[in-house]
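Topology and contacts: notes
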Amino acid sequence: MLRAVAAGRALLLSALLWRLAAAGNPELPTAVNITWSSINFKTILQWQPKPSGYFYTVEIHGQTSDTKKKCILTAETECDVTDVLRNVKETYTAHILSVTSSGMDNFEEPPFAVSEKFTPYSQTVLGKPEIQNYTQKGSKLNVVFQDPLTPYTFPNGSFQSIRDIFQHDLEYKLYYWKDQSSGKKDATTESHKFEISVDSTKNYCFYIQGVIPSRRENRNGQESMVLCTSVGRNILDEYGAEVFIIIAVIAIAVITLAVVLSVILCKRKKTKAAREKEPLNSI
């Protein structure tokens, strides 16, 4: 009986010592400056510092979803977590664990840092729309563009666009202005094209930007490249009035110089002719 009790105590003590030895190292540094970077639902988690003698493992915790691990035992300071955030209206936090290579099998929880909350639907940045075609015919400017694509796919393998996800929450704004003018106007659409009335005698520049009006922050997306029409562009529109003023001044200066030189040459010829006639008159 006494032997059995002693053996039980020894076993309990051994188990306790094993757990203490296997516990995560409390001196391991934890991640700082944790940030979410997300464009069109492509989401990268970043943090500091670079590990030395240990690794990081990322755990993504959703309010209603199971915990998922990413970038297990990584020596990097960023992790692509796009594929575990498919429920874009869910709110997530990231736990960045600091572990040794042998520490993942321990029962004790390793030291970790927790990120701020992140909801892809309300926080991802809208990327640049792609302008496919534009024309200016008479007094109408027509612009056709394409929604940015997301990393998520339909069952058939085609990529979902941001419109497929945001649907009626998404709209686009076209900002346009007369070429070489600073006065901007804008138009809004929920489709993939704009048709606006313009001055048929002027050229216009423009860009497009996605907007989520229901958001409190990050309402405006990235701006597309700026494009300009070239219908009816003349030399004055191309180079501006200042260039023509400079050319006119140079032309006047050249003409004046030519006239002055002509007068000088003419006087010299007359003087020379008069000198050549003087000996003949004396005879």
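Structure: see above.
Here's what I pulled together on the structure shown here. Since this is a predicted model, take the numbers as computed values, not measurements.

**A short note on the overall build of the chain**
From N to C terminus, the chain includes five helices and 17 strands. Split into buried and exposed, the 283 residues of the chain put 34% on the buried side. Long-range contacts, defined as pairs at least 24 residues apart, comprise 60% of the intrachain contacts of the chain with a sequence gap of at least 6. When the accessible surface of the chain is summed, it comes to about 18,200 Å², and 56% of that surface belongs to carbon and sulfur atoms.

**Overview of the sheet that holds strand β2 (residues 42–48)**
Read from one edge of the open sheet, three strands run β1-β2-β5, paired in antiparallel fashion. Two strands bound the open sheet, and with one partner strand each, they are β1 (32–39) and β5 (78–80). Geometrically, the sheet is characterised by an average inter-axis angle of 15° between neighbouring strands, direction not taken into account.

**With respect to the environment of S230**
Within the secondary structure, S230 is located in the loop between β17 (227–228) and α4 (235–239). Taking C-alpha positions, S230 is 8.8 Å from K202, a pair spaced 28 residues apart along the chain.

**As for the state of the cysteines**
Applying the stated criterion to the full structure yields two disulfides. Between the sulfur atoms of C71 and its disulfide partner C79 the distance amounts to 2.0 Å. What sets the handedness of the C71 and C79 disulfide is the S-S torsion sign, and at about 95° it is right-handed. You can call C71 partly exposed: its relative accessible area is 26%. The residue that forms a disulfide with C205 is C228, at a sulfur-sulfur distance of 1.9 Å. Looking down the S-S bond of the C205 and C228 bridge, the torsion is 105°, so its handedness is right-handed.

**Notes on the environment of I165**
Along the chain, I165 turns up in helix α3 (residues 162–166). Ignoring anything within four residues of it in the chain, the contact list for I165 reads F41, V88, Y121, T150, Y152 and Q160.

**Re unusual backbone geometry**
A cis geometry characterises the amide bond from Q48 onward to P49, with omega recorded as -5°. Structurally, P49 can be placed in the loop between β2 and β3 (55–62). Even without being glycine, C71 reaches a positive phi, approximately 50°. Note that C71 resides in strand β4 (residues 68–74). Although it is not a glycine, Q167 adopts a positive phi angle of roughly 50°. Relative to the helices and strands, Q167 resides in the loop between α3 and β12 (171–178). Judged by its relative accessible area of 49%, Q167 falls in the partly exposed class.

Calculation notes
Residues numbered from 1 in each chain as written. Predicted model: local features only at pLDDT ≥ 70, side-chain atom pairs only at ≥ 80, totals over all residues. Heavy atoms only, no water. Helix = DSSP H or I, 4+ residues; strand = E, 2+ residues; numbered from the N terminus. Buried < 20%, exposed > 50% of the residue type's maximum accessible area, 1.4 Å probe, protein only. Contact = heavy atoms within 4.5 Å. Areas by Shrake-Rupley, 256 points an atom, 1.4 Å probe, with all protein chains shown as cover. Pairing = 2+ DSSP bridges. Axes fitted to C-alpha atoms, helices over the stretch in contact; angles between N-to-C directions. Disulfide = S-S within 2.5 Å.

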